[in-house]
Amino acid sequence: MKTIAITLGAALLAGSLLPAAASNASALPDCVSLSPAHQGTRAADNAQLLLKDGDAHYRVGFNGACGAIARSSRITLETNGEANLLCPQGTTVRAANARCSARSVELIEADVYERRARMNRRR
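Presented here is a report on the structure given in the accompanying data block. (Residues numbered from 1 in each chain as written. Predicted model: local features only at pLDDT ≥ 70, side-chain atom pairs only at ≥ 80, totals over all residues. Heavy atoms only, no water.)

1. Re the overall build of the protein
Stated formally: Helix and strand definitions follow DSSP, with helices as H or I runs of at least four residues and strands as E runs of at least two, each counted in order from the N terminus. Throughout, exposure labels follow a simple rule: accessible area from a 1.4 Å probe, protein chains only, divided by the maximum for the residue type, with under 20% read as buried, over 50% as exposed, and the rest as partly exposed. Here a residue-residue contact requires only that any non-hydrogen atoms of the pair lie within 4.5 Å. Per-residue and other accessible areas follow the Shrake-Rupley method at a 1.4 Å probe size, with only the shown protein chains counted as cover for residues.
The secondary structure content of the protein amounts to three helices and eleven strands. Taking all 123 residues of the protein together, the buried fraction comes to 33%. Restricting the contact set of the protein to residue pairs at least 6 apart, pairs at least 24 apart contribute 54%. Split by element, the accessible area of the protein, about 7800 Å² in all, is 52% carbon and sulfur.

Encoded structure:
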């Protein structure tokens, strides 16, 4: 009986946290030119790329794992051939021998970026 209560309690707690996490992101409304000083880190088993550019933070999502970010420490972002242009549609991530098309680009809060980047460093 305790196992059922603990499992149910954990499920309810996890469910209550989901809307809070989802509210910390919003779709990127328009294209953004990233500065040469932007930084990135992999997240969600290479299915996401987190970007930090000054005070702005972004999450780039892919359809599954992106081999370009999994295999390389040097990647480039581009949209329609223009480097460091991050757009809601058409953004591509490239590495030496691989590339992935972004499925989604979202603005995220700084604390979400830091928490996810910290989780990635622990792996």
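2. Overview of the pattern of salt bridges
The condition is simple: For this document, the term salt bridge refers to a Lys or Arg side-chain nitrogen within 4 Å of an Asp or Glu carboxyl oxygen.
This model, assessed by the stated rule, comprises three salt bridges. Here Glu 106 and Arg 59 are joined by a salt bridge, their closest N and O atoms 2.8 Å apart. One end of the pair, Glu 106, is in strand S11 (residues 104–108); the other, Arg 59, is in strand S5 (residues 56–61), and 47 residues separate them in sequence. Using a relative accessible area of 23% as the deciding quantity, one classes Glu 106 as partly exposed. By relative accessible area, Arg 59 is classed as buried at 12%. The closest approach of N and O atoms between Glu 78 and Arg 94, which form a salt bridge, is 2.9 Å. Taken together, the residues Glu 78 in strand S6 (residues 76–79) and Arg 94 in strand S9 (residues 91–94) connect sequence positions 16 residues apart.

3. Description of the state of the cysteines
Defined as follows: Only a pair of cysteine sulfur atoms within 2.5 Å qualifies as a disulfide here.
Enumeration according to the criterion identifies two disulfides in this entry. The partner cysteine of Cys 31 in its disulfide is Cys 87, sulfur to sulfur 2.0 Å. Classification of the bridge connecting Cys 31 and Cys 87 rests on its S-S torsion, roughly 115 degrees, and on that basis the disulfide is right-handed. Highlighted residues: Cys 31 in the loop between strand S1 (25–27) and strand S2 (32–33) and Cys 87 in the loop between strand S8 (85–86) and S9, separated in sequence by 56 residues. Note that Cys 66 is cross-linked by a disulfide to Cys 100, the S-S spacing being 2.1 Å. In this structure, the disulfide formed by Cys 66 and Cys 100 twists by about 105 degrees around the S-S bond and is classed as right-handed. Of the two residues, Cys 66 is situated in the loop between S5 and helix H2 (67–71) and Cys 100 in strand S10 (residues 99–101); the sequence distance between them amounts to 34 residues.

4. Some points on the side chain of Thr 79
Here is the rule we go by: We call two N or O atoms a polar contact when they sit within 3.5 Å, provided that within protein one can donate a hydrogen and the other can accept it, with sequence-adjacent residues counted only if both atoms are side-chain atoms.
With respect to the element layout, Thr 79 can be found in strand S6. Reaching out from Thr 79, the side chain makes a polar contact with the side chain of Thr 91 at a distance of 2.9 Å. In this structure, Thr 79 is in contact with Leu 85, Leu 86, Cys 87, Gln 89, Gly 90 and Thr 91, ignoring residues within four places of it in sequence.

5. Some thoughts on the pairing of strand S3 (residues 39–43)
Applicable threshold: Here, strands pair whenever DSSP counts at least two bridges between them.
Examined bridge by bridge, S3 and strand S4 (residues 48–53) share five bridges and lie antiparallel to one another. Note on S4: the bridge partner recorded for Thr 41 is Leu 50.

6. Looking at the sheet that holds S9
The antiparallel open sheet is built from four strands, whose spatial order is S7-S6-S9-S10. The sheet is open, and its two borders are formed by strand S7 (82–83) and S10, each paired with just one other strand.

7. Regarding the side chain of Ser 72
Inspection of the secondary structure puts Ser 72 in the loop between H2 and S6. Here Arg 74 takes part through its backbone oxygen, which lies 2.8 Å from a polar atom of the side chain of Ser 72. Discounting residues that sit within four places of it in the chain, Ser 72 has contacts with Arg 42 and Ala 95.

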